[in-house]
Amino acid sequence: MKSPQSGTGVTPEQHRGRGARRGLAAVSVVVGGALLLTACGGSGSAESKTAAVDAAAAKDASTAKIAISPKDKATNVGINNDAKVAVSDGTLTKVSMAEVNGGKTVPGKISADGKSWKPDGQLARATAYKITAAAKDADNRPATANSTFTTVSQANSFIAYYTPDDSSTVGVGMPVSINFDKAITDKKDVQSHIKVSSSSGQQVVGHWFGDQRLDFRPQDYWKAGSTVTLKLDLDNVRGAKGISGVQNKTVTFKVGHSQVSTVDVNTQTMTVVRDGKTIKSIPVSTGSPEHTTYNGQMVISERFETTRMDGKTVGFGGEYDIPDVPHAMRLSNSGTFIHGNYWSDKSIFGSSATSHGCIGLDDVRGGGDPGTDASWFYNHSQVGDLVVVKNSHDSTIAPDNGLNGWNMSWSNWKAGSAL
């Protein structure tokens, strides 16, 4: 469910109690949490058709219901037999499990009757994992689900989970984001043992969001083509009373192209600029007057070829439950996505703001047509690219709602450093 923003500089009035506004939730069917897969979707050619179109999409939804254990964002998960997948009213077609950092796959098997899956052996301690599951019902209608969780660590130790991955290539907006599995009170000591540097020579500064998250970024976007190095030297570093670090890691990633796509709510148009040159203009449908889209600079943090979006997770009851939303890319933790929309009339794109807060692009069911706008944008985007929204009747997204620290001034960013 879309939760109230907690970023620096956001007032209670800006929250306006809209914790459940970012409709069409991309969700791991029985889970809710780490990078909660929530999103929104558009409707018909006019506001009055929204409920009817969403109801039609829900009526045609797969009856297959996937249940992933442990729940999304679960921590301190056991390493023996705690990870499993089950499906009701359908059969599993594919399940994959991998470490979040590095992508090492975990072997497992689907049962002979297609109703369940489990990994072959013991999981590693203090490790973040992601499970992605696909199923179909008796009419071959697809369903998908995703879950991310971390396994148990030693009671008197802490570890850092970081993004982006080692050896990855990301867009110029991708910060280094570190989440600790325990609250850190000795922030200065911990931050002094974490170094982020760029081959571009840009100054990189850390900023604490609460006691368990530390992000790093330069004043301006990373330079395209540069190399960024993260060094975690946390072994025996005190994090709080009774806990110390157990991690020593060096991570290097590449910064690829510079792509900034600007969505103008006034014109319902997105302009894609790659390395300083406009390469495409795309008609979109943003949030309706009742469910507006956040303004601000938003970083693509996750990409899904298809994912489930369920209105129940964001307070819209049974208005919709679409199991195969194509070309979905996350822009916030609270549920803002840019994604393909196959269920709405094509006339809304470029003309009507009809979604529940996300940015919809024309698409086809299954996302298999490479000629659609959503397919093109998905195939030409990478994690770390930026989507900037302007002229929306909404507040600016909070810096810690997703990987969106660019919405904080440089002076305020530096003020959040413990060094």
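Data block above holds the structure.
So, here is what we can say about the structure in this document. Each chain carries its own residue numbering, running from 1 in the direction its sequence is written. In view of the model being predicted, local features appear only for residues whose pLDDT reaches at least 70, and side-chain atom pairs are presented and counted only at 80 or more, with totals across whole chains, interfaces and linings using the full set of residues. Excluding hydrogens and water, the side-chain figures rest on all heavy atoms present in the structure.

Another aspect to go through is the layout of surface pockets. Of the two site types, the cavity is a set of points on a 1 Å grid over the protein atoms alone where a 1.4 Å probe fits but cannot get out, and the pocket is an open set with protein on both sides within 12 Å along at least five of seven lines, each lined by residues with an atom within 4 Å of a point. Grid points are joined across faces, edges and corners, and a volume is the space filled by probe spheres set on the points. Looking at the second largest pocket, its volume works out to about 220 Å³. In this count, Pro and Cys sit with the nonpolar residues alongside Ala, Val, Leu, Ile, Met, Phe, Trp and Tyr, while Asp, Glu, Lys and Arg are called charged and the others, Gly among them, polar. Split into classes, the residues belonging to the lining of the second largest pocket amount to seven nonpolar, four polar and three charged.

Turning our attention to the packing of aromatic side chains. Ring pairs shown here join Phe, Tyr and Trp side chains whose ring centres sit within 6.5 Å, with only the six-membered ring taken for Trp; geometry is labelled stacked below 30 degrees between planes, edge-to-face above 60, and tilted in between. Considering all chains together, one arrives at seven aromatic pairs under this definition. Each ring, one from Phe180 and one from Trp208, has its centre 5.7 Å from the other, and the planes form 20°; the classification is stacked. Of this pair, Phe180 sits in strand E11 (residues 176-180) while Trp208 is found in strand E13 (residues 204-208), placing the two residues 28 residues apart along the sequence. Take Phe180: its relative accessible area is 3%, and that puts it in the buried class. Partly exposed residues are those whose accessible area sits between 20% and 50% of the maximum for their type, while under 20% is buried and over 50% is exposed, using a 1.4 Å probe and protein chains only. The exposure class assigned to Trp208 is buried, which follows from its relative accessible area of 8%. Linked through ring pairs, Phe158, Phe180 and Trp208 together constitute an aromatic cluster. If you follow Arg217 out to its NZ or CZ, it ends over the ring of Trp413, 5.0 Å from the centre. Over the aromatic face of Trp376 sits the side chain of Lys280, whose NZ or CZ is 5.1 Å from the ring centroid. For the purposes of this entry, the term helix denotes a DSSP run of H or I that reaches at least four residues, the term strand denotes a run of E that reaches at least two, and both are numbered from the N terminus. Note on geometry: a ring has a charge over it if NZ (lysine) or CZ (arginine) is within 6 Å of the ring centre and within 35 degrees of the ring normal.

Our next topic: the side chain of His327. Along the polypeptide, His327 turns up in strand E24 (residues 321-330). By the criterion applied in these results, polar contacts are pairs of N or O atoms within 3.5 Å in which, for protein atoms, one can donate a hydrogen and the other can accept it, and in which residues neighboring in sequence qualify only through two side-chain atoms. Within the structure, His327 has its side chain in polar contact with the side chain of Asp363 (distance 2.7 Å). Two residues form a contact once any of their heavy atoms are found within 4.5 Å. Every residue in contact with His327, bar those within four places of it in the chain, is listed here: Phe304, Glu305, Ile338, His339, Gly340, Asp363, Gly367, Ala374, Ser375 and Tyr378.

Turning our attention to the sheet that holds strand E4 (residues 108-110). Here a strand pair is declared whenever DSSP counts at least two bridges between the two strands. Spatial strand order, E1-E2-E5-E4: four strands in an open sheet with antiparallel pairing. Of all the strands in the sheet, just strand E1 (65-69) and E4 have a single pairing partner and so form its edges. Between one strand axis and the next, the sheet turns by 10° as a mean value, whatever way the strands run. In terms of strand pairing, strand E2 (residues 84-88) meets strand E5 (residues 116-119) through two bridges, oriented antiparallel. What sits directly across from Val85, in E5, is Trp117. Where helices are involved, their axes are fitted lines through C-alpha atoms of the stretch in contact, as for all axes, and angles between N-to-C directions lie from 0 to 180°.

All right, on to the pairing of strand E20 (residues 269-274) then. Successive residues of a regular strand alternate their side chains across the two faces of the sheet. Direction of pairing for strand E19 (residues 259-264) relative to E20: antiparallel, over a ladder of six bridges. Bridging across to E20, Thr262 finds its partner in Thr271. Linking E19 back to E20 in an antiparallel pair, the connection comprises four residues, with Gln268 at a positive phi of about 55°. Relative to strand E21 (residues 277-283), E20 is paired through six bridges, and the arrangement is antiparallel. When the bridges of E21 are listed, Val273 appears paired with Thr278. The turn joining E20 and E21, which pair antiparallel and follow one another in sequence, is formed by two residues; a positive phi near 50° is taken by Asp275.

Right, let's get into the sheet that holds strand E12 (residues 194-198). Taken in spatial order, the four strands make up an open sheet running E10-E18-E15-E12, and their pairing is mixed. For this open sheet the edge positions go to strand E10 (169-170) and E12, each flanked by a neighbour on one side alone. Both E12 and strand E15 (residues 227-233) contribute to a ladder of five bridges, which runs antiparallel. The partner of Ser198 across the bridge, within E15, is Val228.

Omega for the peptide link from Ser69 to Pro70 comes to 5°, which places this bond in the cis form. Looking at the secondary structure, you find Pro70 in the loop between E1 and E2. Following Thr163, the chain continues to Pro164 via a peptide bond in cis, the omega torsion being 5°. Here Asp89, not a glycine, exhibits a phi torsion of approximately 55°, which is positive.

Here we come to the nonpolar core. We define a nonpolar core as any set of buried Ala, Val, Leu, Ile, Met, Phe, Trp, Tyr and Cys residues linked to one another through side-chain atoms lying within 4.5 Å. Counting residues in each nonpolar core, the largest one holds 34 residues, and the members touching the most others are Ile178, Phe180, Val190, Ile194 and Leu230. Only strand E9 (160-163), E11, E12, E13, strand E14 (213-218), E15, strand E18 (248-255) and strand E27 (386-390) provide two or more residues apiece to this core. Formed by 22 residues, the second largest nonpolar core is a distinct cluster that contains Ile66, Ala74, Leu92 and Phe149.

With respect to the element layout, Gln191 can be found in helix H3 (residues 187-192). The residues contacting Gln191, other than those within four sequence positions of it, are Gly206, Trp208, Leu214, Phe216, Ser417, Ala418 and Leu419.

Right, let's get into the environment of Gly296. Checked against the element boundaries, Gly296 lands in strand E22 (residues 296-299). Measuring from C-alpha to C-alpha, the distance between Gly296 and Thr262 comes to 9.7 Å, with 34 residues separating the pair along the chain. Those residues in contact with Gly296 that lie beyond four places of it in its chain are Val387, Val388, Val389, Thr396 and Asn407.

With that settled, the discussion passes to the environment of Gly366. Within the secondary structure layout, Gly366 lies in the loop between strand E26 (359-362) and helix H4 (373-379). Gly366 sits 26 residues away from Gly340 along the chain, and the two C-alpha atoms are 9.7 Å apart.

Such coordinate-based values are descriptive only and should not be taken to indicate function.
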